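Summary of structural features
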Amino acid sequence: MGNSSGPAVVEIFAQPVVFTTDTDRVEAVGTARARQNATIFPEAAGEVTHIGFVSGEKVAAGRVLAKLESRSEALAVQSAEIAVQDARQLLARYQRIDVPGAISESQIDAAKTALAAAEVELELARDTLSERTIRAPFAGHVGLSAIDAGARITPQTEITRLDDRSVLFVDFEAPEQVFSEVAMGDTIPIQPFASQQAVIDAEVSAIGSRIDPDQRTFTVRVAIDNGDDRLRPGMSFRVQFNLPGLPYPSVPEAALVWGGDGAYLWAVEDGKAKRLPVTIISRNSGDVLVMADLEEGDLIIAEGVQKVREGTPVKDVGPASTANIPAGAGRGGMPSNGQP
């Protein structure tokens, strides 16, 4: 039967809104690379006379990795040294002559030019000779090699590969929404797929300068101390970490109602039900973070949502309630339990 004094009051369970910080979870796969790496090729063609390393060993910077037959180049250096010596002696003789007019200035200038040209030829000969020796450009571990003494090689022949793996860099793609949350020097836990139990604290060493417009991601590079030499370049790593996001109203999942235009919930305003559209941000253990026109402490209907309509008078009979919700309670008024 209807109530001549107004609409019937509906019993509901109400609760105040609390705000909870959203968590952005990042999950990605990264690949490791050595701090420095190089594929070693010879600068010249020729016959290999010496291999100066064993595959897998650690070598110092400047270590001889291989030598090519260099007899003719060494002779060219000797010839250039003789030419320099002759040019230097001729210039010295000219400069010692103290008889006026015996040696013209043009002869002295020509002798100086000849000496300079001979010195350039000597440097070129030395450079050509040095190309017959292949050295390590930096300290690191050499890889496998299929080159032996006696083989004839060209500048396109790979001698070996060299990796400085004392520090490894791992690059991975992170979503655009966490760009402002990642900073240089941050520590991020990563896990090699080769060792499911090991979690490594890696330090952010570089951040990509742009967002990929297709994937909506940016590149993060982290550095791993590999002083114990247990990890290798090319290994894959699982990256999983959480970053704090923005604060959002947290409401029980049971408070959500779905309509033709999406999700909404019922708030309590002036003792009556008021429909509020919401956008779901995330779900967690029965609670839902939403984007809605709500403030901290506003009352929402947690149970009894099926029985209310817009403007329906409501009465909180939840465990925390001790009286009916008076007019003015809820949004913009006092909570249903009378506490400020």
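Up top you'll find the structure we're talking about.
Read on for an overview of the structure. Note that the structure is a prediction, hence the values are computed from the model and not measured. For every chain, the first residue of its written sequence is number 1, and the numbers climb from 1 along that sequence. Two thresholds apply to this predicted model, a pLDDT of at least 70 for residue-level local features and 80 or more for giving and counting side-chain atom pairs, whereas whole-chain, interface and lining totals are computed over all residues. Water and hydrogen atoms were dropped before computing side-chain values, which therefore reflect all heavy atoms in the structure.

**Notes on helix H1 (residues 71-96)**
One full turn of an α-helix is made of 3.6 residues, so residues set three or four places apart face in the same direction. Quick reminder of the rule: Secondary structure elements are taken from DSSP: a helix is a run of H or I of four residues or more, a strand is a run of E of two residues or more, and numbering for both begins at the N terminus. Expected helix span is computed as 1.5 Å times (number of residues minus one). Exposure is judged per residue with a 1.4 Å probe applied to protein chains only, and the accessible area is read against the type maximum: over 50% gives exposed, under 20% gives buried, and values in between give partly exposed.
With 26 residues, H1 extends 38 Å from end C-alpha to end C-alpha; this agrees with the ideal 38 Å at 1.5 Å per step. Turning to H1, its buried residues number three or more, namely Glu73, Val77, Ala80, Val84, Ala87, Leu91 and Tyr94.

**As for the sheet that holds strand E5 (residues 64-68)**
Basically, it comes down to this: Here a strand pair is declared whenever DSSP counts at least two bridges between the two strands.
Strand order across the open sheet formed by four strands is E6-E5-E3-E8, with antiparallel pairing between neighbours. The open sheet has two edge strands with one neighbour each: strand E6 (133-135) and strand E8 (152-153). Summarising the sheet, E5 and E6 pair through three bridges and their orientation is antiparallel. The residue of E6 that forms the bridge with Val64 is Arg135.

**Remarks on the packing of aromatic side chains**
Convention followed: What counts as a ring pair is set by centres within 6.5 Å for rings of Phe, Tyr and Trp (its six-membered ring), and what kind of pair is set by the plane angle: stacked under 30 degrees, edge-to-face over 60, tilted for all other angles. Note on geometry: a ring has a charge over it if NZ (lysine) or CZ (arginine) is within 6 Å of the ring centre and within 35 degrees of the ring normal.
Taken as a whole and assessed by the stated rule, the structure comprises three aromatic pairs. Here the aromatic rings of Phe172 and Phe241 are separated by 6.3 Å at their centres, their planes lie at 75 degrees, and the arrangement is edge-to-face. With Phe172 in strand E9 (residues 160-175) and Phe241 in strand E13 (residues 236-252), this pair connects stretches of sequence that are 69 residues apart. The class for Phe172 is buried, based on a relative accessible area of 1%. Consider the rings of Tyr264 and Trp266, whose centres lie 5.8 Å apart with planes at 90 degrees: the pair is edge-to-face. Taken individually, Tyr264 and Trp266 each receive the classification buried, so the pair is uniform in this respect. The residue whose ring lies beneath Arg275 is Tyr264, and the NZ or CZ to ring-centre distance is 3.6 Å.

**Describing the pattern of salt bridges**
Two side chains carrying opposite charge are able to pair once their charged atoms lie near each other. For clarity, the threshold we go by: For this analysis, a salt bridge means a side-chain nitrogen from Lys or Arg found within 4 Å of a carboxyl oxygen belonging to Asp or Glu.
Following the criterion strictly, the structure yields 14 salt bridges and no others. For the salt bridge of Glu73 with Arg132, the shortest nitrogen-to-oxygen distance reads 4.0 Å. One end of the pair, Glu73, is in helix H1; the other, Arg132, is in the loop between helix H2 (105-130) and E6, with 59 residues separating them in the sequence. Residue classification places Arg132 among the buried residues on the basis of a relative accessible area of 9%. The shortest N-O distance in the salt bridge between Arg221 and Asp171 comes to 2.8 Å. Placement of the pair is Arg221 in strand E12 (residues 217-225) and Asp171 in strand E9, with a sequence separation of 50 residues. Judged by relative accessible area, Asp171 falls into the partly exposed class, the value being 23%.

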